[in-house]
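# Results of the structural survey
So the chains spell out like this:
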Amino acid sequence: QKEVEQNSGPLSVPEGAIASLNCTYSDRGSQSFFWYRQYSGKSPELIMSIYSNGDKEDGRFTAQLNKASQYVSLLIRDSQPSDSATYLCAVVNAGGTSYGKLTFGQGTILTVHP
Amino acid sequence: NAGVTQTPKFQVLKTGQSMTLQCAQDMNHNSMYWYRQDPGMGLRLIYYSASEGTTDKGEVPNGYNVSRLNKREFSLRLESAAPSQTSVYFCAGRQGETQYFGPGTRLLVL
């Protein structure tokens, strides 16, 4: 079992819809969770971080964390064609010497069509 | 403020050749990381440096070496390149909980 799993997609949604991206992780002691966006041919950029159970909203983006179910998700409201990208879920595993080491899922390709 | 820079942007090697990928940051990061990205596999950590003068193995270190020359620079060396090392390589620096990535180096090993 991979440590961080995502549905690789592609996920296709119409413009204006809600895109829902999901991620599960295996290390129950994980404390920090991140969503990165990566446009084709570019480097990943951080869009959301979440550390405690519940929802965290930032503009059109909402991250949701459920540590009991070991599940983290990203909702994108009013999806735009410019949101078309690969979305990477990343987790910092437990351990005092983690030094912020990220474990990434394989990424979900999102396509927003006009 | 250039952030994290990487050179070269693209490189073609023959099997058995060696090369060094360079990474530099001007954001005063203590921790720096090298990842490789292959299709369908996300990013995998090769090596990291928690602070100047220290380096540690990540998930996929075989075939690579690193040097943390000073606080700004963290290089990745392939001593004898293999086709399996064809990939896109990203360097990153960490500030707080956020990692900032360089633009990447595309490496093709023939």
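This is a predicted model, so every value here is computed, not measured.

### What about the state of the cysteines?
In total, this model carries two disulfides over all chains according to the counting rule given. Shown here is the disulfide that connects A:C23 with A:C89, its sulfur atoms set 2.1 Å apart. Around the S-S axis, the bridge from A:C23 to A:C89 shows a dihedral of about -75° and counts as left-handed. On the criterion of sequence distance, the pair formed by A:C23 in strand β3 (residues 19–25) and A:C89 in strand β9 (residues 85–92) is long-range, its members being 66 residues apart. Since its relative accessible area comes to 1%, A:C23 is described here as buried. Under the relative-accessibility criterion, A:C89 is labelled buried at 0%. Bridging B:C23 to B:C91, the disulfide has an S-S length of 1.9 Å. Across the S-S bond of B:C23 and B:C91 the torsion is about -70°, and the bridge reads as left-handed. In this pair, B:C23 is assigned in strand β3 (residues 19–25) and B:C91 in strand β9 (residues 87–95), connecting sequence segments 68 residues apart. Classification of B:C91 by relative accessible area gives buried; the value is 0%.

### Quick notes on the interface of chain B and chain A
At the interface, 19 residues of chain B touch 21 residues of chain A. Here chain B meets chain A over a buried area of about 1,500 Å², counting both sides, of which 57% is carbon and sulfur. Counting the surface chain B buries against chain A, the share from its top three residues, B:L43, B:E97 and B:F101, is 31%. Between the two partners, chain B and chain A, sit zero salt bridges. Applying the counting rule to chain B against chain A returns three residue pairs in polar contact (both at pLDDT 80 or more). Listing elements by their share of the side of chain B that touches chain A, those giving two or more residues are β4 (31–37), β5 (43–49), β9 and β10 (98–101) of chain B.

### A closer look at the sheet that holds strand β7 (residues 64–68) of chain B
Residues and elements named next belong to chain B. A sheet is described by the order of its strands in space; here four strands give the open sequence β1-β3-β8-β7, paired in antiparallel fashion. The sheet is open, and its two edges are formed by β1 (4–7) and β7, each paired on a single side. The mean angle between the axes of side-by-side strands here comes to 20°, regardless of whether they run parallel or antiparallel. In terms of strand pairing, β1 meets β3 through four bridges, oriented antiparallel. From the neighbouring strand, T5 faces β3, where its bridge partner is A24.

### A word on the layout of surface pockets
Vacant regions in the atomic arrangement are exposed by a probe of water-molecule size rolled over the atoms. In this structure, the largest pocket occupies an estimated 500 Å³ of space. Surrounding the largest pocket, 26 residues form its lining, A:Q38, A:G41, B:Q37, B:P39 and B:R106 being those nearest its centre. Secondary structure elements with two or more residues in the lining of the largest pocket: β9 of chain A together with β9 and β11 (105–109) of chain B. When its residues are assigned to classes, the lining of the largest pocket shows nine nonpolar, 13 polar and four charged.

### Concerning unusual backbone geometry
Cis geometry is adopted by the peptide bond preceding B:P8, which originates at B:T7 and carries an omega value of -5°. Looking at the secondary structure, you find B:P8 in the loop between β1 and β2 (10–13). Backbone geometry places A:D78, a non-glycine residue, at a positive phi of 50°. Position of A:D78 among the secondary structure elements: in the loop between β8 (71–76) and β9. Of note, B:N28 is a non-glycine position whose phi angle comes to about 60°, a positive value.

About the cut-offs
- Residues numbered from 1 in each chain as written.
- Chains lettered and ligands numbered in written order.
- Predicted model: local features only at pLDDT ≥ 70, side-chain atom pairs only at ≥ 80, totals over all residues.
- Heavy atoms only, no water.
- Disulfide = S-S within 2.5 Å.
- Helix = DSSP H or I, 4+ residues; strand = E, 2+ residues; numbered from the N terminus.
- Buried < 20%, exposed > 50% of the residue type's maximum accessible area, 1.4 Å probe, protein only.
- Contact = heavy atoms within 4.5 Å.
- Buried area = accessible area lost by both parts, 1.4 Å probe.
- Salt bridge = Lys/Arg side-chain N within 4 Å of Asp/Glu carboxyl O.
- Polar contact = N/O pair within 3.5 Å; in protein donor to acceptor, adjacent residues only side chain to side chain.
- Pairing = 2+ DSSP bridges.
- Axes fitted to C-alpha atoms, helices over the stretch in contact; angles between N-to-C directions.
- 1 Å grid on protein atoms, 1.4 Å probe; cavity = no way out; pocket = protein on both sides within 12 Å on 5 of 7 lines; lining within 4 Å.
- Points joined across faces, edges and corners; volume = space filled by probe spheres on them.
- Nonpolar A, V, L, I, M, F, W, Y, C, P; charged D, E, K, R; others polar.

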